[in-house]
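Remarks on the overall topology
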Amino acid sequence: MSTLLLELKLINETPLFLGSYDAQFNPEDAFRTQSLKGLWRWWTRALIGGVLYDSGSRGSDLIRKTINLTGELFGSTDKCSMFKIVSVYKLDRSKIKICKRRSRGGLCELQRVTLLTLNRDITFVDSNGLEVDLKIYQYRRGRDHGIELGLLSLIVGLSLSGLGKMSRRCVGTFKIYGRDHVGIVGQYLKGTLGPEDLKKLIEHAYNAAARYCQTSPRKLTVSSRDLPPFPSISKSIINCSNIINRVLCTRFNIPLPSALSNNTFPIACIYYIPCRLSIDTLLILQDFFMRARRIIRYYGRNRPPHWFDLFRIRLGRDEICKAWILGLPRYQKGAGRGTGYFTNVDRRASPFIVSSHGDHSMLTLLVSSDWPDTIDWRGEHSRTRIRVTSEEVLINSVDGLAYFESYVQKTLRTRMVRIWP
């Protein structure tokens, strides 16, 4: 018989672009538990992978153990999930909005929305338009501490990312309220958490993952060639002494990131950004990930689009192309004549994950080696083949974080605070 573990009430804080069976929003199918399960599994895997990595597991052994332990919680080909979700939602139809094809202004200026509305209208639910009541049950018995890890990882995932399109780019986030029937996550069901509560939540989830994996992780110092094979919430740090002279940010008056200390850099770092939630905040944060808008925000409108940008610069005869670290694919068609970054993978999401809530935003950076071996940069008049090594991933992550910190300070007039590890 199923046992009720947790009751949650989720209210969307930011606009929600959640697709239905046909990838488009449908008022009769406004919330799908499949999307929530995907987020839940992803963040649980990151926690399990980080704990195993910090315990010394590497390569195929790390991947195999992570898959098996995640499958123990959420099901696999030969086992059902430990959890059962029942959801009921209330949709305020006055909050259903449409971004018209090729429209401009407001949310339609969001980077991803401008792409989605090139050929069609896009329907979404505006802030506070969707209220979801969730009941989470224990469906079967499982490994010790599985319930603890499962419930904590769900709250971590909903705090550090969103649901639907642009879920890694500030949109689709929720306030989280509820009733905890097993005394695990009740202290975190406050709607929106402050920096100390968030730090405590992540540490609590990491320790629960260690208990679940029956291991004793520790903070390791690893080589730049020894990155995790997938995004992981790890406490380990990377020795950057062999690549520090290849980091470019300081050459262009961008300070080194605060996470870089004594020539070491964390595999996972999570930042709290104090800033009030508004459309302008969403636009500013998303604009960092689009070159033309990033340059205008950072350097001003009087600069031409080809003005210096840390993600694409020319040093002597070499053209340095680094924007692939913001995610793939990254190319333009049509007027762009097929320019941008091309590779043989369909998609590789950015290691930079941004979520926005009422009085703050969060940045999560997870450094890992799961990138294609080569990426082709095609400009209108030049081409470059990029060899993607673990060292290149690390260098671009350091430069990218430095650029993002400087960008936030300049555009939002606030400082990022690292809360973990």
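This text follows the structure it describes.
Notes on the structure in this doc start here. (Residues numbered from 1 in each chain as written. Predicted model: local features only at pLDDT ≥ 70, side-chain atom pairs only at ≥ 80, totals over all residues. Heavy atoms only, no water.)

Focus: the nonpolar core
- Among the nonpolar cores identified, the biggest contains 140 residues, and Leu 8, Phe 83, Phe 265, Trp 324, Leu 401 and Phe 404 are the most heavily contacted of them.
- For this core, the element with the highest residue contribution is helix α1 (residues 33–54), accounting for 11 residues.
- Residue contacts for Phe 404: discarding those within four places in its chain leaves Ile 273, Leu 285, Phe 288, Phe 289, Val 354, Leu 363 and Met 416. (Core = buried A, V, L, I, M, F, W, Y, C linked by side-chain atoms within 4.5 Å. Buried < 20%, exposed > 50% of the residue type's maximum accessible area, 1.4 Å probe, protein only. Helix = DSSP H or I, 4+ residues; strand = E, 2+ residues; numbered from the N terminus. Contact = heavy atoms within 4.5 Å.)

What to know about the sheet that holds strand β7 (residues 174–180)
- With antiparallel pairing, the four strands of this open sheet are ordered in space as β2-β5-β1-β7. Of all the strands in the sheet, the pair left with one neighbour each is β2 (83–91) and β7. Here the average twist between neighbouring strands, direction ignored, is 20 degrees.
- The pairing of strand β1 (residues 3–12) with strand β5 (residues 130–138) spans eight bridges and is classified as antiparallel. Bridge pairing in β5 links Ile 11 to Glu 131. (Pairing = 2+ DSSP bridges. Axes fitted to C-alpha atoms, helices over the stretch in contact; angles between N-to-C directions.)

Focus: unusual backbone geometry
- In this model, Leu 328 is joined to Pro 329 through a cis peptide bond whose omega is 0 degrees.
- Tracing the backbone through its elements, the reader meets Pro 329 in the loop between β13 (318–321) and β14 (330–332).
- Of note, the amide linkage connecting Trp 420 to Pro 421 takes the cis form, showing an omega dihedral of 0 degrees.
- Structurally, Pro 421 is set in the segment after β20 (417–420).

Digging into empty space enclosed by the protein
- For the structure shown, the criterion picks out two cavities of 30 Å³ or more.
- Taken as a whole, the largest cavity spans an internal volume of roughly 90 Å³.
- What lines the largest cavity is Ser 159, Phe 174, Ile 176, Tyr 188, Lys 190, Gly 191, Thr 192, Leu 193, Leu 198, His 357, His 360 and Met 362.
- Broken down by secondary-structure element, the contributors of at least two residues to the lining of the largest cavity are β7 and β17 (360–366).
- Each residue belonging to the lining of the largest cavity can be placed in one class, and the counts come to six nonpolar, five polar and one charged. (1 Å grid on protein atoms, 1.4 Å probe; cavity = no way out; pocket = protein on both sides within 12 Å on 5 of 7 lines; lining within 4 Å. Points joined across faces, edges and corners; volume = space filled by probe spheres on them. Nonpolar A, V, L, I, M, F, W, Y, C, P; charged D, E, K, R; others polar.)

Brief notes about the environment of Phe 174
- If you trace the backbone, Phe 174 turns up in strand β7.
- Classification of Phe 174 as buried rests on a relative accessible area of 2%.
- Here the alpha-carbon distance between Phe 174 and Asn 12, two residues 162 residues apart in the chain, equals 4.2 Å.
- In this structure, Phe 174 is in contact with Leu 10, Ile 11, Asn 12, Glu 13, Leu 16, Leu 163, Gly 191 and His 357, ignoring residues within four places of it in sequence.

Topic: the packing of helix α4 (residues 146–160) against helix α5 (residues 195–213)
- Between α4 and α5, the shortest axis-to-axis distance is 9 Å and the interhelical angle comes to 145 degrees. When you trace α4 past α5, the crossing you get is left-handed. Facing α4, whose interface residues are Gly 146, Glu 148, Leu 149, Leu 152, Ile 155, Val 156 and Ser 159, α5 presents Leu 198, Leu 201, His 204, Ala 205, Ala 208, Ala 209, Arg 211 and Tyr 212.
- The class makeup of the residues in the contact of α4 with α5 is 10 nonpolar, three polar and two charged. (Left-handed = near helix turned anticlockwise from the far one by under 90°.)

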